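Observations on the model geometry
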Amino acid sequence: MAFLVNNIRRCVCLKSFSTPNLVQTTSYHANVIDHYENPRNVGSLDKKDKNVGTGLVGAPACGDVMKLQIRVDDQGKIIDAKFKTFGCGSAIASSSLATEWVKGKTVDEALKLKNTDIAKELSLPPVKLHCSMLAEDAIKAALSDYRIKQQSGEKK
Amino acid sequence: MSVRSLFLNQFRKQSLFRQIRLASCWSCGKDVQASSALFCGSCNALQQPAKGDNYFKIMGVMESYDLDETELAKKYKELQKYLHPDKFANRQQKEQEISEKYSSLVNEAYKTLLEPLTRGIYMLRLRGKDIPEKTEVDQEFLMKIMEKNEEVENAETEKEIMDLNEENKAQIKSLQKQVSKAFFDGDMQKVIKLLGVLKYYTSIDAQIQASIRSKGIIR
């Protein structure tokens with residue numbers, strides 16, 4: 001993760017260079033930096049485990065990729081969550097926060113998680129909203145992957 | 001498009017052309033001979049950049065995705081030789097202001113056109129299009145990108161990282177060629193798709209370069 005710190009200023013998300021001649025002075029909010037420097041739940045879960053749902057999403061406008069995985073127990077509660085993100089500080093912070101928030105929630109509760117909540121918690125500026133959107137999509141993709149796995153398991 | 005609007009467009013273009021041609025110097029009021037002239041022919045005052053000129057025009061290079069990067073760099077240095085605010089320290093304030101504005105515009109234009117990715121996106125925007133912000137879900141492709149990122153992250157030795165660097169550069173180059181062809185064919189959907197892919201590989205490139213720096217590899 002250490003080398004990612006060097007990248008914090010490099011996320012030239014495509015939105016931000018539509019304003020030429022403006023020196024970018026926007027700095028990250030303390031919450032973003034906290035999640036960025038001490039990301040929670042980085043890692044992977046066993047993709048083949050039927051209790052694990054994997055969401056893999058990307059942002060073509062940013063070149064960010066995000067993998068978010070959840071482990072669900074038999075009661076439908078999310079007991080573990082891991083993520084791995086290659087992208088800017090906001091994308092890393094969004095996915096880190098997302099894993100923290102889904103832990104302990106049921107699958108249905110997790111579905112209700114909105115990108116606006118993530119953006120609010122991290123005080124993301126408008127040009128970075130899509131980073132939180134990516135995290136929401138990653139959760140949705142992981143939940144849907146889990147559902148599909150469970151349904152195909154029942155059929156067998 | 002109707003004949004009328006075609007005519008109107010043509011008319012507008014022409015009148016715009018005339019305006020530029022007849023642009024008069026803000027300082028002495030005399031006509032500036034050519035719209036592309038940086039300085040007034042009579043009083044030698046620095047002129048404002050022509051309104052509505054795109055980055056290609058500002059830099060004085062041909063508007064094409066396959067622009068010659070050496071030529072662009074040459075033009076850039078040449079322009080800054082005349083425009084840099086340092087050259088205007090003893091001139092009147094208005095000229096200093098124009099120089100600051102013009103010089104930073106040239107910087108921005110140069111930076112944008114130099115990189116194949118930003119150049120492509122800029123050209124796309126000139127055509128009123130943009131890379132959508134929607135989320136990518138092509139699993140196979142994303143897996144590939146994720147794995148490549150992980151390979152870079154886990155590369156330990158100089159050879160590993162340099163091999164990845166070479167491979168990635170080749171990938172970018174091949175994408176660049178495809179983008180160029182898509183622009184040539186006028187297939188904007190394809191351009192959008194390809195630039196999206198190029199963005200992922202450019203991000204990987206940034207990771208590789210950061211890793212090369214942090215490992216202290218000297219080339």
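No experiment lies behind these values; they were computed from the predicted model shown. Every chain is numbered independently, its residues counted from 1 as its sequence is written. Lettering for chains starts from A, numbering for ligands starts from 1, and both go in the order in which the items are written. Totals for whole chains, interfaces and linings use every residue, but because this is a predicted model, local features are given only for residues with pLDDT of at least 70 and side-chain atom pairs only at 80 or more, for both listing and counting. Processing note: side-chain calculations cover all non-hydrogen atoms of the structure and skip hydrogens and water entirely.

Under the present numbering, the feature "domain: NIF system FeS cluster assembly NifU N-terminal" (unreviewed entry) in UniProt falls on residues 28-151 of chain A. Counted over residues 28-151 of chain A, helix gives 47% and strand 21%. Its end C-alpha atoms are 42 Å apart. UniProt positions are given in the numbering used here, feature names are shortened, and annotations may be inferred rather than shown by experiment. Put simply, DSSP marks the helices as runs of H or I at least four residues long and the strands as runs of E at least two long, and each gets a number from the N terminus on.

On to the state of the cysteines, then. Cysteine sulfur atoms are paired as a disulfide whenever they fall within 2.5 Å. If you walk through the whole model with that rule in mind, you get zero disulfides over all chains. The thiol of C131(A) is not disulfide-bonded; the next cysteine sulfur, from C88(A), is found 3.7 Å away.

Under the feature "domain: J" (unreviewed entry), the UniProt entry names residues 54-126 of chain B. Summarising residues 54-126 of chain B: 73% helix, 0% strand, and an end-to-end C-alpha distance of 8 Å.

It is worth spelling out helix 5 (residues 115-122) of chain A at this point. Residue and element names in this part refer to chain A. Each residue is assigned to one of three classes by its accessible area relative to the maximum for its type, calculated with a 1.4 Å probe on protein chains only: buried under 20%, partly exposed between the two thresholds, exposed over 50%. Taken together, the buried positions of helix 5 are N115, I118, A119 and L122. Buried residues of helix 5, seen end-on, are gathered within an arc of 95 degrees and therefore sit on one face of the element. Downstream of helix 5 by a residue or two, S123 has a phi angle that is positive, lying close to 50 degrees. Directions drawn from the helix axis to the C-beta atoms are what define this arc.

This paragraph deals with unusual backbone geometry. Of note in the backbone geometry, S123(A) takes a positive phi value of approximately 50 degrees without being a glycine. As for its position among the elements, S123(A) is in the loop between helix 5 and helix 6 (129-155). Of the residues examined, S123(A) reaches a relative accessible area of 38% and is grouped as partly exposed. Phi at N44(B) is positive, roughly 70 degrees, even though this residue is not glycine. Residue position: N44(B) is located in the loop between helix 1 (3-21) and helix 2 (55-59).

Our focus in this paragraph is the environment of I58(B). Tracing the sequence through the fold places I58(B) in helix 2. Linking I58(B) and V106(B), residues 48 residues apart in sequence, is a C-alpha distance of 7.0 Å.

In this numbering, the UniProt entry assigns the feature "coiled-coil region" (unreviewed entry) to residues 145-178 of chain B. In this annotation, residues 145-178 of chain B is assigned 91% helix and 0% strand; the end-to-end C-alpha distance for the span is 19 Å.

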